[in-house]
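These are the residues of each chain, in order.
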Amino acid sequence: MGTFGFENILAWQKAHEFVLNVYKTTRNFPPDERFGLTSQFRRAAISIEANIAEGYKKLGKADKLRFLNISQGSLEECRDYIILSRDLGYIGKDEFDVLSNNIELTSKLLHGYYNGIANNNALNN
């Protein structure tokens, strides 16, 4: 990519990877969860990456941080859905580990990106 866009942000890249994993995993959820956990899990996962992308173009630091904070909230919601999916028996240990590791890395990168903007160290603040 010639220009710097939200796609270049590591936190967005890992969040996007997480969304793809959530979609792949929730395809195997029971059909009666289609409008329940499957829908909620996917919506929250998408919200992580979408708010990173939306916050990227905001001009003011407070606006950027607000969108990143919404992203962090959605991330924690997904953390809960990963545990719930395991406890309901919808995912096994391997899927649980993949999603947990994926969300943990996304969380660390998002936290770093947030702090970089908050402390005026990020590339696009």
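To be clear, the structure that these remarks concern was listed above.
Residues numbered from 1 in each chain as written. Predicted model: local features only at pLDDT ≥ 70, side-chain atom pairs only at ≥ 80, totals over all residues. Heavy atoms only, no water.

### Considerations on the packing of aromatic side chains
Summed over all chains, the structure comprises 4 aromatic pairs. Seen from their ring centres, Phe29 and Tyr90 are 5.2 Å apart, and the 50° between their planes marks the pair as tilted. On the criterion of sequence distance, the pair formed by Phe29 in the loop between helix H1 (10-26) and helix H2 (37-56) and Tyr90 in the loop between helix H3 (61-87) and helix H4 (93-118) is long-range, its members being 61 residues apart. Linked through ring pairs, Phe18, Phe41 and Tyr81 together constitute an aromatic cluster. A cation over a ring is seen here: Lys64 above Tyr56, with NZ or CZ 5.8 Å from the ring centre. Just above the ring of Phe96 sits the side chain of Arg86; from NZ or CZ to the centre is 4.6 Å. (Phe/Tyr/Trp six-rings, centres within 6.5 Å; stacked < 30°, edge-to-face > 60°. Helix = DSSP H or I, 4+ residues; strand = E, 2+ residues; numbered from the N terminus. Lys NZ or Arg CZ within 6 Å of the ring centre and 35° of its normal.)

### Some details on the packing of H2 against H4
With their axes 13 Å apart at the nearest point, H2 and H4 run at an angle of 25° to one another. Judged on the interaxial angle alone, H4 and H2 are roughly parallel. For the element pair H2 and H4, the recorded crossing hand is left-handed. The residues of H4 that touch H2, namely those facing Phe41, Ile48, Ile52 and Tyr56, are Leu99, Ile103, Thr106, Leu110 and Tyr113. Class assignment for the residues of the contact of H2 with H4 results in 8 nonpolar, 1 polar and no charged. (Axes fitted to C-alpha atoms, helices over the stretch in contact; angles between N-to-C directions. Parallel < 35°, antiparallel > 145°, perpendicular 65-115°, else oblique. Left-handed = near helix turned anticlockwise from the far one by under 90°. Contact = heavy atoms within 4.5 Å. Nonpolar A, V, L, I, M, F, W, Y, C, P; charged D, E, K, R; others polar.)

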